Amino acid sequence: QVQLVESGGGLVESGGSLRLSCAASGFTFSAATMRWYRQAPGKGRELVAVIRDGGITEYTGSVRGRFTISRDNVRSTVHLQMNSLKPEDTAVYYCNTYSGANYRNYWGQGTQVTVSS
């Protein structure tokens, strides 16, 4: 079955960097669009970055120029490099993919990112 396992979260000072990883299994990773979402306390889940099967990327405006999404199709892993972190980036970050075959969204368990001011 589909599994998404995030890692790499933690506590960092404002201006610092973190690299999140999401190890995927159970589907054809190289053909999948992968997404990173985040959910801050008391807020809804927000789409942060997208990478399509051909490598095209998209970012929400608040992270553009600071975050970089990338993929390793050999290791079935998607990364989110986060630089110049701000306290407002504090959230649980989730890896996501959508299956058009069964119309299902799949989520990882999430990884906590906390940025101190």
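Residues numbered from 1 in each chain as written. Predicted model: local features only at pLDDT ≥ 70, side-chain atom pairs only at ≥ 80, totals over all residues. Heavy atoms only, no water.

Some points on the sheet that holds strand β7 (residues 67-72)
Across the sheet, 4 strands lie side by side as β1-β3-β8-β7; this open sheet has antiparallel pairing. Each edge of the open sheet carries a strand with a single partner, namely β1 (3-7) and β7. Taken pair by pair, the neighbouring strands of this sheet meet at an average axis angle of 15°, ignoring direction. Pairing of β7 with strand β8 (residues 77-82), which is carried by 6 bridges, proceeds in the antiparallel orientation. When the bridges of β8 are listed, I69 appears paired with L80. (Pairing = 2+ DSSP bridges. Helix = DSSP H or I, 4+ residues; strand = E, 2+ residues; numbered from the N terminus. Axes fitted to C-alpha atoms, helices over the stretch in contact; angles between N-to-C directions.)

Side note on the pattern of salt bridges
A complete count under the given rule lists 5 salt bridges for this structure. Close ionic contact of D89 with R38 constitutes a salt bridge, the shortest N to O distance being 2.9 Å. A residue pair is termed long-range when its members are at least 10 positions apart, and D89 in the loop between β8 and β9 (91-99) and R38 in strand β4 (residues 34-39) qualify at 51 residues. Using a relative accessible area of 6% as the deciding quantity, one classes R38 as buried. The partner of R75 in a salt bridge is D72, and the shortest N-O contact between them spans 3.0 Å. (Salt bridge = Lys/Arg side-chain N within 4 Å of Asp/Glu carboxyl O. Buried < 20%, exposed > 50% of the residue type's maximum accessible area, 1.4 Å probe, protein only.)

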